[in-house]
Amino acid sequence: MANSINRRNWIKSSAFIAGGLAFCSGTISKLSAMPTRVSSLPRTLTDREIALAAPLDLKARLLANENPFGPSAAAKKAIADALDKSYQYPFMLTSQLTGKIAAYEGVAMKNIIVDSGSTPLLHAAALCFTKGGKSVITGDPSYDDLPTYAEEFDGKWIKVPLAADYKLDLDAMEAKVDANTGMVYICNPNNPTATVVDTAKLKAFCERVSKKTMVFVDEAYIDYLPDPQAATMISQLKAGNNIIVARTFSKLYGFAGLRLGYVIAQPETITTLKKYSSGGFNISSTTLAAAIAAYQEKDFLAETLKKTNASKEYLYAVLKKEGYDYIPSSANFVMFPLKMDGKKFSTEMFKRGVGIRDWKLNGKDWCRISIGRMDEMEAFAAAFKELS
């Protein structure tokens, strides 16, 4: 039903690829020759490959859910200050950051593992809980980095269609749990729909389902909610339930290129995950220093959220003016249905210097657009009006 979503994987038939644009033809020929881990899986383009194939002079890079407003001035200064001691292994910095997270969330340091982005930890969980042919249950569409990786190592992927309001259908997902289920993966807010499920319902879901199997709650976009502390499932972990909560600095903190993420789980789960990850050893001292400076930097985060919401409201107004509906967003991207072929739309937008994602949802063509700076949103609007 849906295009495959992956921090690493983009569908190979992406619009501007299918359109055969000159700027990427040579690159794609080389990329197509790259080996995949399992030859029976469909070959898709990674984020890195898509970036290499994209034109260098994009007016608006609105295709990867990045935060163009960060990182903060304090984080940048910390990076510069950390360079003098960058010859040292950053063991103490890892411990310091873990301690800050633990203190803020009200958990012990043994409940936390950090890594270079949340991706390595999603992969670790996939290997740990779906090995031996176990299944992972996800929404469809939802963020698919973890289940795609599980499939590459013989895990089974069970996709459950979204509810009519484009939110994860928790009841339907729970009904799929059986003796072979290794994990249920919940991305909340969900990618690509930017919808969020009811907090009380999700807490009850975690309490019930975690008694049967591991529940992995990916909260990559939770900082865009009005009250992240009220919406997080960390309370379920504190209650002793068998869940994993993932967070990333890649979004509101603006660390997508610096690479830092973490998970919070029961101590025994953390011990197991460390067998499949670096345990934080692959994070640079500069990134750790920046994270320590930026973590819960309230004024900066509030200002970034304010600018993101202003750009989002501008986008809503543009879509309404042109006669388009959209799914109300609880994240830093918006999904809206198109009135033309998705691949053609994406190709034409790229020609105009605007990078977006086209999508197939319920058999129809959609666009997912990341929220950018106001000048980027204005560039989108100008290009969009030529096509709408």
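About the criteria used
- Residues numbered from 1 in each chain as written.
- Predicted model: local features only at pLDDT ≥ 70, side-chain atom pairs only at ≥ 80, totals over all residues.
- Heavy atoms only, no water.
- pLDDT = per-residue confidence, 0-100.
- Contact = heavy atoms within 4.5 Å.
- Core = buried A, V, L, I, M, F, W, Y, C linked by side-chain atoms within 4.5 Å.
- Buried < 20%, exposed > 50% of the residue type's maximum accessible area, 1.4 Å probe, protein only.
- Helix = DSSP H or I, 4+ residues; strand = E, 2+ residues; numbered from the N terminus.
- Axes fitted to C-alpha atoms, helices over the stretch in contact; angles between N-to-C directions.
- Parallel < 35°, antiparallel > 145°, perpendicular 65-115°, else oblique.
- Left-handed = near helix turned anticlockwise from the far one by under 90°.
- Pairing = 2+ DSSP bridges.
- 1 Å grid on protein atoms, 1.4 Å probe; cavity = no way out; pocket = protein on both sides within 12 Å on 5 of 7 lines; lining within 4 Å.
- Points joined across faces, edges and corners; volume = space filled by probe spheres on them.
- Nonpolar A, V, L, I, M, F, W, Y, C, P; charged D, E, K, R; others polar.

J.: Sorry if this is basic, but what is going on with the confidence of the model for the protein here?
T.: The predicted model of the protein has a mean per-residue pLDDT of 88, with 86% of residues at 70 or higher. Counting contacts from residues 1-47, a segment whose pLDDT is below 50, to residues more than four positions away or on other chains yields 116 contacts.

J.: Help me understand the nonpolar core, please; the structure alone is not making it clear to me.
T.: Here is a general trend for soluble globular proteins: nonpolar side chains tend to be buried in one another's company. One finds Leu-146, Ile-186, Phe-216, Phe-249 and Val-263 to be the most contacted residues of the largest nonpolar core, which totals 76 residues. With seven residues, helix α6 (residues 119-130) is the largest single contributor of residues to this core.

J.: Explain unusual backbone geometry here, please?
T.: If a residue is not glycine, its phi is most likely negative; likewise, a peptide bond is most likely trans. Cis geometry marks the peptide bond from Asn-188 to Pro-189, where omega comes out at 0°. A cis geometry characterises the amide bond from Asn-191 onward to Pro-192, with omega recorded as 25°. Here Pro-192 is to be found in the loop between β5 (181-187) and α9 (199-209). Its identity as a non-glycine residue notwithstanding, Tyr-166 has a phi of 70°, on the positive side. Mapped onto the elements of the fold, Tyr-166 is located in the loop between β4 (156-161) and α8 (170-175). With a relative accessible area of 24%, Tyr-166 lands in the partly exposed category. One non-glycine residue, Gln-296, lies in positive phi territory at about 55°. Position of Gln-296 relative to the elements: it lies in the loop between α13 (285-294) and α14 (298-321). Under the relative-accessibility criterion, Gln-296 is labelled partly exposed at 22%.

J.: Help me understand the packing of α6 against helix α7 (residues 145-152), please; the structure alone is not making it clear to me.
T.: For any two helices packed against each other, the geometry is given by the interaxial angle and the distance between the axes. Across the interface, α6 lies against α7 with an axial gap of 8 Å and an inter-helix angle of 45°. In terms of orientation, α6 and α7 fall into the oblique class. Two packed elements cross with a definite hand, and for α6 against α7 that hand is right-handed. In contact with Thr-119, Leu-122, His-123, Ala-125, Ala-126, Leu-127 and Thr-130 of α6, α7 contributes Asp-145, Leu-146, Tyr-149 and Ala-150.

J.: It is not clear to me how the sheet that holds strand β2 (residues 112-115) should be interpreted in this structure. Could you clarify?
T.: Backbone hydrogen bonds hold the strands of a sheet together, and the pairing may be parallel or antiparallel. Overall, mixed pairing links the seven strands, which are arranged β2-β8-β7-β6-β5-β3-β4 in an open sheet. Looking at which strands have only one partner, the edges of the open sheet turn out to be β2 and β4. Between one strand axis and the next, the sheet turns through 20° on average, direction left out of account. Where β5 and strand β6 (residues 214-218) come together, five bridges link them in parallel fashion. Of the residues in β6, the one forming a bridge with Ile-186 is Val-217. Taken strand by strand, helix α5 (residues 91-105) contacts β2, β7 (243-248) and β8 (261-265), and its axis lies near 130° from that of β2. Each of β2, β3 (135-140), β5, β6, β7 and β8 is contacted by α6, which is oriented at about 165° to β6, the strand it contacts most.

J.: I would appreciate a short explanation of empty space enclosed by the protein in the present structure.
T.: Over the atoms, a rolled probe matching the size of one water molecule traces out where space is still vacant. The final tally for this structure, using the stated rule, is two cavities of 30 Å³ or more. If you trace the largest cavity, you find it lined by Glu-219, Asp-223, Arg-247, Thr-248, Phe-249, Tyr-253, Tyr-262, Tyr-295 and Gln-296. Looking at the lining of the largest cavity, its residues break down into four nonpolar, two polar and three charged.

J.: Got a minute to help me understand the environment of Ile-222 in this structure?
T.: Mapped onto the elements, Ile-222 comes out in the loop between β6 and α10 (228-231). For Ile-222, a relative accessible area of 1% corresponds to the buried category. Sequence-wise, Ile-222 and Lys-251 are 29 residues apart; in three dimensions their C-alpha atoms are separated by 9.4 Å. Contact partners of Ile-222, with chain neighbours within four places excluded, come to Pro-189, Pro-228, Ala-231, Thr-232 and Arg-247.

J.: What exactly am I supposed to notice about the sheet that holds strand β11 (residues 357-361) here?
T.: With antiparallel pairing, the three strands of this open sheet are ordered in space as β9-β12-β11. Here the strands that pair on one side only, and so sit at the sheet edges, are β9 (333-337) and β11. Ignoring which end each strand starts from, the neighbouring axes of this sheet average 30° apart. Sheet topology note: the β9/strand β12 (residues 364-370) ladder contains five bridges and is antiparallel. Opposite Pro-337, over in β12, you have Trp-366 as the bridge partner. The strands touched by helix α15 (residues 342-351) within the sheet are β9, β11 and β12, with β11 carrying the most contacts at an inclination of about 170°.

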